[in-house]
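Read off the chains here:
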Amino acid sequence: MSGGVSRRYGLGVLTDTAVPIVVAPMAGGISSPALVAGAVDAGAFAFLPAGYLSADALRGQIEQTRGLVGKPFGVNIFVPNSKSSADTAGYRQSLSGEEERYGVAAGEAGWDDDDYAAKIDAVVDLRVPVVSFTFGLPGVEDVRRLKENGTQVVVTVTTPAEAEAAAERGADVLCVQGAAAGGHRGVFEDNSALPGGGPLYDLLPALRLIGARTGLPLVAAGGLSHGGDVAAVLAAGAVAAQLGTAFLRCTEAGTSAVHRDLIADGTRETTLTRSFTGRPARGLVNRFIAEHADAPSAYPDLHHVTKPLRAAALRAGDPEAMSLWMGQAYSRAEEAPVAAVLHMLMAQARTAAAALTGRLGI
Ligand SMILES: Cc1cc2nc3c(=O)[nH]c(=O)nc-3n(C[C@H](O)[C@H](O)[C@H](O)COP(=O)(O)O)c2cc1C
C-alpha cells in the first residue's frame, strides 16, 4: 500500500463508519465545514460539496474542515454536462417581470464546467479519501488518478442503466438517488421529455434493480427522514443511508433563515422543477416555479440566468423566487446540532430493527 491515505485512514472509509449514515453534500453553502466536521466527529460520513465553488475555494474548505476534525471526510464534484442547444434567450426574456419585481437584471446564460479539472487536481493533491460525483460519469483518466491515490470513487446514479455505466467506469460505490430526494437529480443526461430528467425510480425499486445488476456497495438516498427509514434501506441491502434534508435545520448548516422557517412550517408540497437551473431538482413549490414551469433543459445556463433574482429574493426575505431545495419528507427535519440528529436517527433505527425481529418471527 503506497498511498498516505490508506495508511492514515484505512481502506473503505465510506463503507466502514461506525454510524451507517452519510450527511449528503449540499452545495450553496449549506454543507459547511462545521456540518461536515460535526458529522464525521459523531461517527458518520459526510461530503463537502464542491459545486459552484472555485477549485481554490474548495482547497480552502478542505483545509478548514481538516482544521476542525481529524477524521476522514469526502468531497462531492459536479460532472459537467454537454452544452444545451435550447433557447435560453427566450427564457431570459420571460423573466422581465421578475427583474422588475426584484429590481435586478437577470444574469447571462453561459455554459461552464464548474472548474471540474482543477477540482480533480485539488482532491488528488490533497489526498481526499472519498470523492463522489453527481450529474454524470467522471472521466476514465480521472478515475484512474483517484484510485491510484487510494481514493474511493462514488458515483450518484438514478437508474439501472446509469448504475451499469458507473460500474463499468470503475466506481467503487454507487449512491442510488430515488425520486423523493431533495436538490438536483443526479441524472447523467437531462431528457426534457420527462419531469425528473429521466425515468423516475423510487428508492426501493432502484436499490433492488441496481443491486441485482452490479453487486457494488450501495448508498441509499432520497426521502429518508427517520431512523426507521435508515433501517429500511439497510434491510434492502444498502451499506449506508445518505440523508440531506434531515440535516437542513442543523445548527452547523448554512441554510438560510427563510429556508429554515419554511421547513419548520411544513405546509407546502415539494415538486421537481427546471425553473431555477435548467436541470430537474426537487424543492418547495413557490410562485416562481408555478409561473416559469416551461423552463428549457439548459444547465448551468439557467443557473446563471436566475442567480441574481434568487439572490435578490433572499435579500428581501421573499421565498417566492428562491430555490428552496428539499426532499419530500422535509417536514420531519429537526432543529439540533448534527451530532444530536445522528444520535436520534441511530436510536430510531435500532428501535425499528428490534421491532422487526419480533414481527418477522426471528
Ligand atoms: C439543499 C440540497 C442541496 C444538495 N446539493 C447536492 C450537491 O451539491 N451534490 C450532490 O451530489 N447532491 C446534492 N443534493 C442531493 C443529496 O445528495 C441527496 O441525494 C438528497 O439530499 C437525498 O434526499 P433527501 O434530501 O430527501 O435526504 C442536495 C440536496 C439538498 C436538499
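Since this is a predicted model, take the numbers as computed values, not measurements. (Residues numbered from 1 in each chain as written. Predicted model: local features only at pLDDT ≥ 70, side-chain atom pairs only at ≥ 80, totals over all residues. Heavy atoms only, no water.)

## Thoughts on the overall build of the protein
- Helix and strand counts for the protein stand at 14 helices and 11 strands.
- What you see for the protein is a C-alpha radius of gyration of 20 Å, in line with the 21 Å of a compact globule of 362 residues.
- When its C-alpha atoms are laid out on the principal axes, the protein stretches across 60 × 45 × 40 Å.
- Considering the protein as a whole, with its 362 residues, one finds that 55% of them fall into the buried category. (Helix = DSSP H or I, 4+ residues; strand = E, 2+ residues; numbered from the N terminus. Rg over C-alpha atoms; globule rule 2.2 N^0.38 Å. Buried < 20%, exposed > 50% of the residue type's maximum accessible area, 1.4 Å probe, protein only.)

## Notes on the side chain of E162
- With respect to the helices and strands, E162 occurs in helix α8 (residues 160-169).
- One polar contact links the side chain of E162 to the main-chain amide nitrogen of T158, over a distance of 2.7 Å.
- One polar contact links the side chain of E162 to the main-chain amide nitrogen of F188, over a distance of 2.9 Å.
- In this structure E162 touches V157, V187 and F188, once residues within four positions along its chain are discounted. (Polar contact = N/O pair within 3.5 Å; in protein donor to acceptor, adjacent residues only side chain to side chain. Contact = heavy atoms within 4.5 Å.)

## A closer look at the sheet that holds strand β11 (residues 281-284)
- Taken together, the three strands give an open sheet; going across it, the order is β7-β11-β10, and neighbouring strands pair in antiparallel fashion. Both edges of this open sheet fall to β7 (183-184) and β10 (270-273), since each of them pairs with a single strand only. (Pairing = 2+ DSSP bridges.)

## With respect to the packing of aromatic side chains
- Considering all chains together, one arrives at seven aromatic pairs under this definition.
- For the pair F276 and W325, a centre-to-centre distance of 6.0 Å together with 80° between the ring planes defines the contact as edge-to-face. Here F276 is found in the loop between β10 and β11, whereas its partner W325 is found in the loop between α13 (301-315) and α14 (338-359), with 49 residues between them in sequence.
- The class of W325 is buried, set by a relative accessible area of 18%.
- Members of the aromatic cluster, joined through ring pairs, are Y52, F78, F135 and Y299.
- Taking the ring centre of F135 as reference, the NZ or CZ of R279 above it sits at 3.9 Å.
- One cation-aromatic arrangement involves R279 over Y299; the distance from NZ or CZ to the ring centre is 6.0 Å. (Phe/Tyr/Trp six-rings, centres within 6.5 Å; stacked < 30°, edge-to-face > 60°. Lys NZ or Arg CZ within 6 Å of the ring centre and 35° of its normal.)

## Topic: the pairing of strand β4 (residues 130-134)
- Burial runs high along β4: five of the five residues are buried.
- The side-chain alternation of β4 yields two buried faces, one formed by V130, S132 and T134 and the other by V131 and F133.
- Pairing of strand β3 (residues 74-78) with β4 involves five bridges; the strand directions are parallel. Across the sheet, V75 pairs through a bridge with V131, a residue of β4.
- With respect to chirality, the unit in which β4 leads through helix α7 (residues 140-148) into the neighbouring parallel strand β5 (residues 152-157) is right-handed. (Right-handed = clockwise from strand over helix to strand, strands pointing away.)

## Description of the site of the ligand
- Among the 22 residues in the neighbourhood of the ligand, the closest are listed as P25, N76, G223, G244 and T245.
- Contacts to the ligand include P25, whose backbone N or O atom sits 3.3 Å from a nitrogen atom.
- Coverage of the ligand by the protein chains reaches 95% of its 600 Å² of free accessible surface.
- For the shell around the ligand, the residue count by class is 11 nonpolar, 11 polar and no charged. (Near = heavy atom within 4 Å. Areas by Shrake-Rupley, 256 points an atom, 1.4 Å probe, with all protein chains shown as cover. Nonpolar A, V, L, I, M, F, W, Y, C, P; charged D, E, K, R; others polar.)

## Focus on the confidence of the model for the protein
- Taken residue by residue, the protein gives an average pLDDT of 95. The fraction at 70 or more is 97%.
- Across residues 1-11 the pLDDT falls below 50, and counting only partners more than four positions away or on other chains, this stretch makes 17 contacts in the model. (pLDDT = per-residue confidence, 0-100.)

## Topic: α13
- Its 15 residues give α13 an end-to-end C-alpha distance of 22 Å, which sits within 8% of 21 Å, the value for a rise of 1.5 Å per residue.
- The largest bend in α13 amounts to roughly 40° and is located at K307, with the proline P308 lying one to four residues further along.
- Turning to α13, its buried residues number three or more, namely D301, L302, H303, V305, T306, L309, R310, A312 and A313.
- Phi for G317, located one or two positions after α13, is positive at around 70°. (Expected span 1.5 Å × (residues − 1). Bend = angle between axes of the 7 residues up to and from the residue.)

## Let's talk about a nonpolar patch on the surface
- Taken together, the side chains of L356, L360 and I362 define a hydrophobic patch exposed on the protein surface, amounting to about 340 Å² of accessible area.
- Relative to the elements of secondary structure, I362 occurs in the segment after α14.
- The class of I362 is exposed, set by a relative accessible area of 76%. (Patch = residues over 30% accessible without salt bridge, like charges linked within 9 Å, V, L, I, M, F, W, Y side chains within 5 Å. Salt bridge = Lys/Arg side-chain N within 4 Å of Asp/Glu carboxyl O.)

## Re the sheet that holds strand β6 (residues 173-177)
- In space, the eight strands of this closed barrel follow the order β1-β2-β3-β4-β5-β6-β8-β9, with parallel pairing throughout. Adjacent strand axes in the sheet meet at a mean angle of 25° when their direction is disregarded.
- Sheet topology places strand β2 (residues 45-49) next to β3; three bridges connect them, and they run parallel. Pairing of L48 across the sheet is with V75, part of β3. (Axes fitted to C-alpha atoms, helices over the stretch in contact; angles between N-to-C directions.)

## A closer look at the state of the cysteines
- If you walk through the whole model with that rule in mind, you get zero disulfides.
- Left unpaired, C250 is separated from the closest cysteine sulfur, that of C175, by 18 Å. (Disulfide = S-S within 2.5 Å.)

## Considering the packing of helix α2 (residues 33-41) against helix α3 (residues 55-68)
- One way to put it is that α2 packs onto α3 with a least axis distance of 9 Å and a crossing angle of 40°. It follows from the interaxial angle that α2 and α3 lie oblique. The interaxial crossing formed by α2 with α3 has right-handed handedness. Side by side, α2 and α3 meet where P33, A34, V36 and A37 of the first sit next to Q61, Q64, T65 and L68 of the second.
- Classifying every residue of the contact of α2 with α3 by side-chain character gives five nonpolar, three polar and no charged. (Parallel < 35°, antiparallel > 145°, perpendicular 65-115°, else oblique. Left-handed = near helix turned anticlockwise from the far one by under 90°.)

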